[in-house]
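Understanding the architecture of this molecule
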Amino acid sequence: MEGKVKSKGVPIGVRRIIAYAVLILISILCLFWFYVLFVNATRTNSQISSGFSPVPGTNFAANWSNLVHGTLPIVQGMLNSFIIAGGSALLCVYFSTMTAYAIHAYEFRLKKFMYTFILAVMMIPTQVTALGFIKLVQKLGLENNFVPLIVPAVAAPVTFFYLKQYMDSNLPHELIEAARIDGCGEFRIFNTVAFPLMRPAIAVQAIFTFVSSWNNYFTPALILHKDNVKTLPILIAQLRSADFLKFDMGQVYMMIAFSIFPVIFVYLILSKNIVGGVAVGAVKG
């Protein structure tokens with residue numbers, strides 16, 4: 001009997017220690033680059049060029065002052081990015097959830113075709129449709145406008161697919177039928193029954209959509225040409241492409257660090273729902 005127990009392998013305590021050690025190592029590797037970013041944001045251009053130093057510098061205030069009082073509208077760029085990313089996230093999660101609910105809750109003739117068609121659209125890269133999209137924007141006179149960057153977020157096949165999969169396992173048809181028997185209208189059922197149940201999945205997709213829109217450079221660079229409507233990724237690219245005499249890596253690192261804070265803030269707001277959803281799924285399992 002003892003031989004059988006010993007043959008099972010490494011004891012649970014040792015495996016737990018190894019698992020924690022691996023997780024700690026991975027966490028350090030992931031966070032190290034953020035540390036490098038914030039350290040370099042406190043150093044001068046010459047100090048950064050001389051090599052990496054784990055000790056923060058003393059040029060934080062100077063880098064911040066040079067960045068804010070420079071030629072680029074940094075604060076306005078952050079506000080522009082926040083408007084576009086926030087609007088895209090809100091529209092994307094709401095209408096994607098509504099689309100997933102329609103496919104999940106109703107039976108109609110072209111249901112399977114619509115589901116397959118939406119997934120097929122997901123395979124088309126943004127770059128393939130960019131030329132036609134830009135021509136449409138120009139004909140509508142929407143250049144230097146946030147509308148072409150926010151409204152198309154309504155059609156998000158990836159978000160729809162994730163929410164549909166989550167809805168299949170967490171929104172039973174019996175609950176929808178019970179609400180109908182109680183006299184609820186379809187729109188009310190969606191907003192008061194289905195939407196709240198989808199909160200963990202919505203929180204995850206809201207973060208993904210916000211971060212994707214916040215970091216998007218390709219489409220905004222084709223539409224936004226005036227400095228007062230440009231987003232942070234465009235301004236960061238402009239700052240990096242400055243000529244040799246004006247180029248300052250300290251300002252670049254400061255601007256990148258400055259652009260990360262809103263993403264962290266949004267994650268902290270929605271992280272409670274994400275952790276709660278994982279816990280609920282674990283209990284159900």
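Keep in mind it's a predicted model, so treat the numbers as computed, not measured.

Of the regular secondary structure elements, the chain holds 15 helices and zero strands. Each principal axis of the C-alpha distribution contributes one length, and for the chain these read about 75 × 70 × 35 Å. When burial is assessed residue by residue, the chain has 35% of its 285 residues classed as buried. Long-range pairs, those at least 24 residues apart, make up 73% of the contacts in the chain with a sequence separation of at least 6. Carbon and sulfur atoms form 70% of the exposed surface of the chain, whose accessible area is close to 17600 Å².

What follows deals with the packing of aromatic side chains. Throughout the structure, instances matching the rule amount to 14 aromatic pairs. Taking 5.9 Å as the distance between ring centres and 85° as the angle between the ring planes, the aromatic pair formed by Tyr 101 and Tyr 106 counts as edge-to-face. By relative accessible area, which is 3% here, Tyr 101 ends up buried. In textbook terms, an aromatic cluster arises when at least three aromatic residues are bridged by ring pairs, as seen for Tyr 94, Phe 95, Tyr 101, Tyr 106, Phe 190 and Phe 195.

Ranked by size, the top nonpolar core spans 42 residues in total, and within it Ile 74, Tyr 101, Met 198 and Met 255 carry the most contacts. Elements represented by at least two residues in this core include exactly α5 (74-105), α9 (157-170), α10 (173-181), α11 (186-197), α12 (199-214), α14 (232-240) and α15 (249-284). The element best represented in this core is α5, accounting for nine residues. In this structure, Tyr 101 is in contact with Tyr 106, Met 167, Leu 171, Ile 176, Glu 186, Ile 189, Phe 190 and Ala 194, ignoring residues within four places of it in sequence.

What follows is about the pattern of salt bridges. Per the counting criterion, the structure on display carries five salt bridges. With a closest N to O distance of 3.1 Å, Lys 111 and Glu 107 form a salt bridge. For Lys 111, a relative accessible area of 16% puts it in the buried group. Note that Glu 177 is salt-bridged to Arg 180, the shortest N-O span being 2.9 Å.

Time to look at helix α7 (residues 126-140). Along its 15 residues, α7 runs 20 Å from first to last C-alpha, staying within 8% of the 21 Å computed at 1.5 Å per residue. In α7, a bend of some 30° at Gly 132 exceeds every other bend along the element. Taken together, the buried positions of α7 are Ala 130, Ile 134 and Val 137. Just past α7, the residue Gly 141 takes up positive phi, approximately 70°.

Should the pLDDT be low somewhere, the predicted coordinates at that spot are not to be read in detail. Mean pLDDT over the chain works out to 84, with 91% of the residues at or above the 70 mark. Below a pLDDT of 50 lies the segment residues 1-7, which in the model reaches zero contacts outside its immediate sequence neighbourhood of four places, other chains included. Predicted confidence is poor over residues 277-285, with pLDDT under 50, and the contacts of this stretch with residues over four places away or in other chains come to two contacts.

Domain annotation for the chain reports domain 1 (2-65) and domain 2 (72-241). Between the C-alpha centres of domain 1 and domain 2 there is a distance of 34 Å.

Attention now moves to the packing of α10 against α11. α11 packs onto α10 with a crossing angle of 140° between their chain directions and a minimal axis gap of 10 Å. By the angle between their directions, the pair α10 and α11 is classed as oblique. Regarding α10 and α11, the two cross each other, and that crossing is right-handed. Within the contact between the two elements, α10 uses Leu 175, Ile 176, Ala 179 and Arg 180 and α11 uses Glu 186, Ile 189, Val 193 and Leu 197. For the contact of α10 with α11, a count of residues per class yields six nonpolar, no polar and two charged.

Checked against the element boundaries, Asn 170 lands in helix α9. The buried category is assigned to Asn 170, whose relative accessible area is 18%. Reaching out from Asn 170, the side chain makes a polar contact with the backbone oxygen of Tyr 166 at a distance of 3.0 Å.

Quick notes on the rules
Within any chain, residue numbers begin from 1 and follow the written order of that chain's sequence. It should be noted that, the model being predicted, local features are given only for residues of pLDDT at least 70 and side-chain atom pairs only at 80 or more, the latter also being counted only at that level, while totals for whole chains, interfaces and linings use all residues. Each side-chain value is derived from all of the structure's non-hydrogen atoms; neither hydrogens nor water enter the calculation. Numbering goes from the N terminus for both helices and strands, where a helix is a DSSP run of H or I of at least four residues and a strand is a run of E of at least two. Each residue's exposure class comes from its accessible area (1.4 Å probe, protein chains only) as a fraction of the maximum for that residue type: buried when under 20%, exposed when over 50%, partly exposed otherwise. We call two residues in contact whenever any of their non-hydrogen atoms come within 4.5 Å of each other. Calculation of accessible area relied on Shrake-Rupley with a 1.4 Å probe; when residues are assessed, cover is drawn exclusively from the protein chains displayed. Two rings from Phe, Tyr or Trp (for Trp, the six-membered ring) form a pair when their centres are within 6.5 Å of each other. A pair whose planes differ by under 30 degrees is stacked, one over 60 is edge-to-face, and the rest are tilted. We call a set of buried Ala, Val, Leu, Ile, Met, Phe, Trp, Tyr and Cys residues a nonpolar core when their side-chain atoms join them within 4.5 Å. Salt bridges, as used here, are contacts in which a Lys or Arg side-chain nitrogen is within 4 Å of a carboxyl oxygen on Asp or Glu. Multiplying 1.5 Å by the residue count of a helix minus one yields the expected span of that helix. Two axes enter the definition of the bend at a residue: one is fitted to the seven residues ending there, the other to the seven starting there, and the bend is the angle between them. One number per residue, pLDDT, summarises how confident the predictor is, and it ranges from 0 to 100. The split of the chain into domains comes from an automatic or database domain assignment. For helices, the fitted axis covers only the stretch in contact; all axes are lines through C-alpha atoms, and the angles between them, taken along N-to-C directions, range from 0 to 180 degrees. Any angle that falls under 35 degrees is termed roughly parallel, while one over 145 is termed roughly antiparallel, one within 65 to 115 roughly perpendicular, and all others oblique. Put simply, a crossing is left-handed when the front helix is turned counterclockwise from the back one by less than a right angle, and right-handed when it is turned clockwise. Three classes are used, and their members are as follows: Ala, Val, Leu, Ile, Met, Phe, Trp, Tyr, Cys and Pro are nonpolar, Asp, Glu, Lys and Arg are charged, and the others, Gly among them, are polar. Any N or O atom pair separated by 3.5 Å or less is treated as a polar contact, with the protein-specific requirement of one donor-capable and one acceptor-capable atom, and with residues adjacent in sequence counted only for side-chain atom pairs.

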